[in-house]
Amino acid sequence: MQLQNKPCNSGLHFDIASIKSEIDELEVISGSPDFWNDSKNALEIINRLNEKKDIYKCYCKIINDCRDLKELIDLQDSSLYESIEEYFTIVKKEADEFQINILFTDKNDNLNALVDIHPGAGGTEAQDWAEMLLRMYARFCEINHLKYEVMDYLPGEEAGLKSVTIRIKGKHAYGLLKSEKGVHRLVRISPFDANKRRHTSFASVNVVPEFKDVEEVKINETDLKIDTYHSQGAGGQNVNKTESAVRITHIPTGIVVSCQVERSQMSNKETALNMLKSRLMQIEFEKRNNELKNIVGEQKNIEWGSQIRSYVFCPYTLVKDNRSGYEATDINKVMDGDIIDFIFAYLKKEAAKNVK
């Protein structure tokens, strides 16, 4: 398992009957004579069918293993204690993996994630906080065997950063990182204040999936403002010697995307356009979701100005997620990338909302 082996004991309910029903329905669809006429849609259905089958098989295995474990325990034979302990460890690991898998049921959860970090008002203090968040996510990726690359980076004048975009790849990349979307609040004694006063800083994190079918999104060239500039990287070859970096502004929405990771201006432009298309697709999805949520009376997604998580360094140490209520006191551990429990707490709370 790629993720940290963390227990997921949250009282999350699971409807295995609905999973079995969906498997039966998808098998009927995949067995129709004209199923492969639309190969793209067919592959999506096959992938979802395989995903549901894996969950169902895992569930059945856990049930059988639990029954076998109970039979061993019922024998009350002291010579079997070591075997029981080993069996219990296996069952617990299977259960943890199973609970992790059922949290990632959205069709976009296994896509790459595009993560933007922007400091709020506050100059150097906020820019430094944005840099700290970048390091936290980089460490999170390293711990959980996810790959990440910096697509665009704009440094601050004195410290920190003005903006950064990173692409995160790996199993459940978007499913994991989508919980981080929102405003992150920091309270600490400022290292930039000679009077050692306590400061509060904010940074926004935006996360969108990197969609695979972005070619379907049509963009008018007249709606784009394209700028080129020198890359901010370490240099070498033509990286910093030519204006290879590209910044694209989508005038109707105000969305700005940048890319400087590729070697040529043409490649950076193509990558930036794909990033823009992913963001436009996400906006359309969120628009549809919000229309449905308004019908059933649910709240809209968290936006700028409403913090999702607070990181307190002083006068005490505490990290608290305002959505799930989960908190931790080891601030250094959290800032070193150990945020998986916060992610699981959020995902399980969201999943619980769908339980009837």
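Conventions used here
- Residues numbered from 1 in each chain as written.
- Predicted model: local features only at pLDDT ≥ 70, side-chain atom pairs only at ≥ 80, totals over all residues.
- Heavy atoms only, no water.
- Pairing = 2+ DSSP bridges.
- Helix = DSSP H or I, 4+ residues; strand = E, 2+ residues; numbered from the N terminus.
- Buried < 20%, exposed > 50% of the residue type's maximum accessible area, 1.4 Å probe, protein only.
- Contact = heavy atoms within 4.5 Å.
- Core = buried A, V, L, I, M, F, W, Y, C linked by side-chain atoms within 4.5 Å.
- Expected span 1.5 Å × (residues − 1).
- Arc of directions from axis to C-beta.
- Axes fitted to C-alpha atoms, helices over the stretch in contact; angles between N-to-C directions.
- Phe/Tyr/Trp six-rings, centres within 6.5 Å; stacked < 30°, edge-to-face > 60°.
- Lys NZ or Arg CZ within 6 Å of the ring centre and 35° of its normal.
- Parallel < 35°, antiparallel > 145°, perpendicular 65-115°, else oblique.
- Left-handed = near helix turned anticlockwise from the far one by under 90°.

Enquirer: Would you mind showing me how to read the pairing of strand S2 (residues 147–155) here?
Expert: The two faces of the sheet receive side chains in turn, since in a regular strand these alternate between them. Across eight bridges, S2 lies against strand S3 (residues 161–169) in antiparallel orientation. In the sheet register, Leu154 faces S3, and the bridge partner there is Ser163.

Enquirer: Quick question: what am I supposed to make of the environment of Arg139 here?
Expert: Mapped onto the fold, Arg139 is located in helix H4 (residues 124–143). Residue Arg139 is classed as partly exposed on the basis of its relative accessible area, which comes to 23%. Through-space distance from the C-alpha of Arg139 to that of Gly337 is 4.7 Å; in sequence the pair is 198 residues apart. Sequence-distant contacts of Arg139, defined by excluding residues within four places in its chain, comprise Asp336 and Gly337.

Enquirer: Is there a simple way to explain the nonpolar core in this structure?
Expert: In a soluble, globular protein the nonpolar side chains are often hidden away together inside. If you look at the biggest cluster of nonpolar residues, it comprises 41 residues, and the most contacted ones within it are Val115, Ile117, Leu133, Tyr137, Ile168, Leu177 and Tyr311. Secondary-structure elements contributing two or more residues to this core are strand S1 (112–119), H4, S3, helix H5 (173–177), strand S5 (198–210), helix H7 (331–335) and helix H8 (340–353). With nine residues, H4 is the largest single contributor of residues to this core. Beyond its immediate stretch of four places on either side in the chain, Tyr311 contacts Trp129, Leu133, Met136, His184, Arg185, Leu186, Val187, Leu318, Val319, Ile331, Val334 and Met335. Counting residues in each nonpolar core, the second largest holds 19 residues, with Leu111, Leu114, Leu273 and Met275 among its members.

Enquirer: How do you make sense of helix H1 (residues 16–30) when you look at a structure like this?
Expert: Owing to its 3.6 residues per turn, the α-helix brings residues three or four apart onto one side. Relative to the 21 Å expected for 15 residues at 1.5 Å per residue, H1 spans 21 Å between its end C-alpha atoms, a close match to the ideal helical length. Restricting attention to buried positions, one finds in H1 the residues Ile16, Ile19, Ile23 and Leu26. Buried residues along H1 cover an arc of 85° about the axis, so they all sit on one side. Projecting away from the buried face of H1 at angles above 90 degrees are the exposed residues Glu25 and Val28. For H1, the elements touching its buried residues are helix H2 (39–74).

Enquirer: When you look at the sheet that holds strand S6 (residues 224–229) in this model, what are you seeing that I'm missing?
Expert: The strand order across the open sheet formed by three strands is S6-S7-S8, and the pairing between neighbours is antiparallel. Looking along the sheet, the strands with just one partner apiece sit at the ends: S6 and strand S8 (255–259). In this sheet, adjacent strand axes meet at a mean angle of 15° when their direction is disregarded. In terms of strand pairing, strand S7 (residues 245–250) meets S8 through five bridges, oriented antiparallel.

Enquirer: For this particular structure, what's the right way to read the side chain of Asp65?
Expert: Looking at the element boundaries, Asp65 is found in helix H2. Overall, the relative accessible area of 9% leaves Asp65 in the buried class. Those residues within four positions of Asp65 in sequence are excluded, and the remaining contacts are Tyr87, Val91 and Glu94.

Enquirer: What should I look at first to understand the sheet that holds S2 in this one?
Expert: Two orientations exist for strands paired in a sheet by backbone hydrogen bonds: parallel and antiparallel. An order of S2-S3-S1-S5-S4-S9-S10-S11 is seen for the eight strands of this open sheet, with the pairing classed as mixed. A single partner strand is all that each edge strand has here, and the edge strands are S2 and strand S11 (327–328). As paired elements, strand S9 (residues 307–312) and strand S10 (residues 318–321) share four bridges and run antiparallel to each other. In the sheet register, Val312 faces S10, and the bridge partner there is Leu318. Packed on one face of the sheet, H4 meets S1, S2, S3, strand S4 (182–189), S5 and S9 and runs near 45° to S5. Across the sheet, H8 is in contact with S9, S10 and S11; its angle to S10 comes to roughly 20°.

Enquirer: How should I be thinking about the environment of Ser306 in this particular structure?
Expert: Mapped onto the elements, Ser306 comes out in the loop between helix H6 (265–296) and S9. For the pair Ser306 and Gly182, spaced 124 residues apart in sequence, the C-alpha separation works out to 7.5 Å.

Enquirer: Explain the environment of Gly170 here, please?
Expert: For Gly170, the position within the fold is in the loop between S3 and H5. Looking at Gly170, the relative accessible area reads 29%, which means it is partly exposed. When the C-alpha positions of Gly170 and Leu146 are compared, they lie 5.0 Å apart, and in sequence the two are 24 residues distant. Non-local contacts of Gly170, meaning those with residues more than four positions away in its chain, are made with Asn110, Asn112 and Leu146.

Enquirer: Explain helix H3 (residues 81–101) here, please?
Expert: For H3, built from 21 residues, the straight-helix expectation of 30 Å at 1.5 Å per residue is met to within 8% by its first-to-last C-alpha distance of 30 Å. Among the residues making up H3, those that are buried are Ile84, Val91, Glu94, Asp96, Phe98 and Ile100. Structurally, H3 contributes buried residues whose contacts are with H2 and H8.

Enquirer: Honestly, the packing of aromatic side chains in this entry has me stumped. Any pointers?
Expert: Here the distance between the centres and the angle between the planes together describe a pair of aromatic rings. On inspection of all chains with the given rule, the structure shows three aromatic pairs. Note that Arg247 overlies the ring of Tyr229, its terminal NZ or CZ placed 4.3 Å from the centroid.

Enquirer: What's the story with the packing of H2 against H3 in this structure? I'm lost.
Expert: Two packed helices can be described by the angle between their axes and the distance between those axes. Interaxial distance between H2 and H3 falls to 10 Å at its minimum, and their mutual angle equals 155°. Judged on the interaxial angle alone, H3 and H2 are roughly antiparallel. Like other packed secondary-structure pairs, H2 and H3 cross with a definite hand, here left-handed. Along the contact surface, H2 presents Ile55, Cys58, Tyr59, Lys61, Ile62, Asp65, Cys66, Asp68, Leu69, Leu72 and Ile73, while H3 presents Ile84, Tyr87, Phe88, Val91, Glu94, Ala95, Phe98 and Asn101.

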